[in-house]
Amino acid sequence: MADTLAENVAELTQEMIDATVMQMPQQAPLMNLVERINIPDGKNSVEIPRNNSTFSVSTPTEGDEFTTTSQFDLTSTTISPTLRAISVRITERARYFSQEDIVSLVSEELARAQGQDIDTDISAEFSNLGGTDNGTTNTDLTIDVLRATRRGLMANTVANGGPAPDPIYTVLAPTPVENLLANLGTQGVVATGTATGQQFVPAGLSEDFIRQYFVDGMPLVGVSTFWDGYLTEDGSSDFICAMFSEQALQLAMSKDWDMKIFEESEWIGVVLRTVADYNSGVGKYANWGAPVTADGE
């Protein structure tokens, strides 16, 4: 039976890893909405190829030679990982608490920290998406903006990769979500021609939104929509949100988060260290996604 903090924590390492991995998607949605590419050992980056040419169909006369040919041209984007680390000191007094408490508290905070780092790394790429930003600075988000953005991804030209492939997702900050739902009718009352001048929202889409408010993955304009509390405001008090194909953004993972335990003479307790190596980018066609500017106030 383990009788020191280091042995106790070491004994729980796999449980904490399992609990952390399980909770990360709940803490940060973006890691499950983009394409993940594992970088094999011996490689310090990943090169993502894409077609840089278009082919044309000719109508030759029977018996004649071809006079027009198409040429395949290849280009690529390189993503290099960045080393990440979290070092946590756990006091010797933690042994006074149950193993279940240690696993729960440590894994929950690790899941938040690790998930937030991956999430913010991916969302920083929103501004690099090439589709038209239909949002307006300091203006509340409306359903028309999402509708126009979806149309832009569907009408993307062949030279820029063609229509964005499914699945397509929208990721919004909490304030734009609230403004969007208000635009859809969740403010509770709407003007009518009744004697009172007001009535409760009628049965239909608005009523459904009020009943469940907002559930991750809710389809809006045919696109699964998620909220992300880690998006940050820019200098204009706006959020840069996005609508994108899963294949527009890549998470290049050289090393997933690990966990090791150390003892130090200068510290009464143990040190828990987790390390990972990854980075994200717009690896294929930038026009398979579009930023969406939305007011943050």
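Asker: Looking at this structure, how should I read the pattern of salt bridges?
Answerer: Overall, the coordinates contain seven salt bridges when judged by the stated rule. A salt bridge links Glu 35 to Lys 284; the nearest nitrogen and oxygen atoms lie 3.2 Å apart. Here Glu 35 is found in strand S1 (residues 35-38), whereas its partner Lys 284 is found in the loop between strand S13 (269-281) and strand S14 (289-295), with 249 residues between them in sequence. Under the relative-accessibility criterion, Glu 35 is labelled partly exposed at 23%. The salt bridge partner of Asp 144 is Arg 147, with a shortest N-O separation of 3.5 Å. Residue Asp 144 and its partner Arg 147 are located together in helix H4 (residues 143-154), separated by three residues, close to a single helical turn. With relative accessibility at 44%, the residue Asp 144 sits in the partly exposed group. Classification of Arg 147 by relative accessible area gives partly exposed; the value is 42%.

Asker: It is not clear to me how the packing of aromatic side chains should be interpreted in this structure. Could you clarify?
Answerer: Using the criterion set out here, one finds five aromatic pairs in the structure. An aromatic cluster of three or more residues is present, and its members are Phe 126, Tyr 169, Phe 226 and Phe 244.

Asker: Can you help me understand H4 in this one?
Answerer: In an α-helix, one turn spans 3.6 residues; hence positions three or four apart end up facing the same way. For H4, spanning 12 residues, the distance from its first C-alpha to its last is 17 Å, which sits close to the expected 16 Å at 1.5 Å a residue. Within H4, burial applies to Val 145, Leu 146, Ala 148, Thr 149, Arg 150 and Leu 153.

Asker: Sorry if this is basic, but what is going on with the layout of surface pockets here?
Answerer: One way to see where empty space is left: roll a probe the size of a water molecule over the atoms. By volume, the largest pocket is sized at about 220 Å³. Around the largest pocket sit 13 residues that line it, and Ile 90, Ala 94, Ile 102, Leu 105 and Val 106 are the ones nearest its centre. Contributing elements (two or more residues each) for the lining of the largest pocket: strand S4 (82-91) and helix H3 (99-123). Ranked by the residues each element gives to the lining of the largest pocket, the list is headed by H3, at six residues. Across the lining of the largest pocket, the residue classes break down as eight nonpolar, one polar and four charged.

Asker: What's the story with a nonpolar patch on the surface in this structure? I'm lost.
Answerer: Residues Phe 55, Phe 72 and Leu 74 make up a contiguous nonpolar surface patch of about 360 Å² in total accessible area. By the element assignment, Leu 74 lies in strand S3 (residues 74-79). Leu 74 gets classed as exposed once you look at its relative accessible area, which sits at 52%.

Each value, and the rule that gives it
Residues numbered from 1 in each chain as written. Predicted model: local features only at pLDDT ≥ 70, side-chain atom pairs only at ≥ 80, totals over all residues. Heavy atoms only, no water. Salt bridge = Lys/Arg side-chain N within 4 Å of Asp/Glu carboxyl O. Helix = DSSP H or I, 4+ residues; strand = E, 2+ residues; numbered from the N terminus. Buried < 20%, exposed > 50% of the residue type's maximum accessible area, 1.4 Å probe, protein only. Phe/Tyr/Trp six-rings, centres within 6.5 Å; stacked < 30°, edge-to-face > 60°. Expected span 1.5 Å × (residues − 1). 1 Å grid on protein atoms, 1.4 Å probe; cavity = no way out; pocket = protein on both sides within 12 Å on 5 of 7 lines; lining within 4 Å. Points joined across faces, edges and corners; volume = space filled by probe spheres on them. Nonpolar A, V, L, I, M, F, W, Y, C, P; charged D, E, K, R; others polar. Patch = residues over 30% accessible without salt bridge, like charges linked within 9 Å, V, L, I, M, F, W, Y side chains within 5 Å. Areas by Shrake-Rupley, 256 points an atom, 1.4 Å probe, with all protein chains shown as cover.

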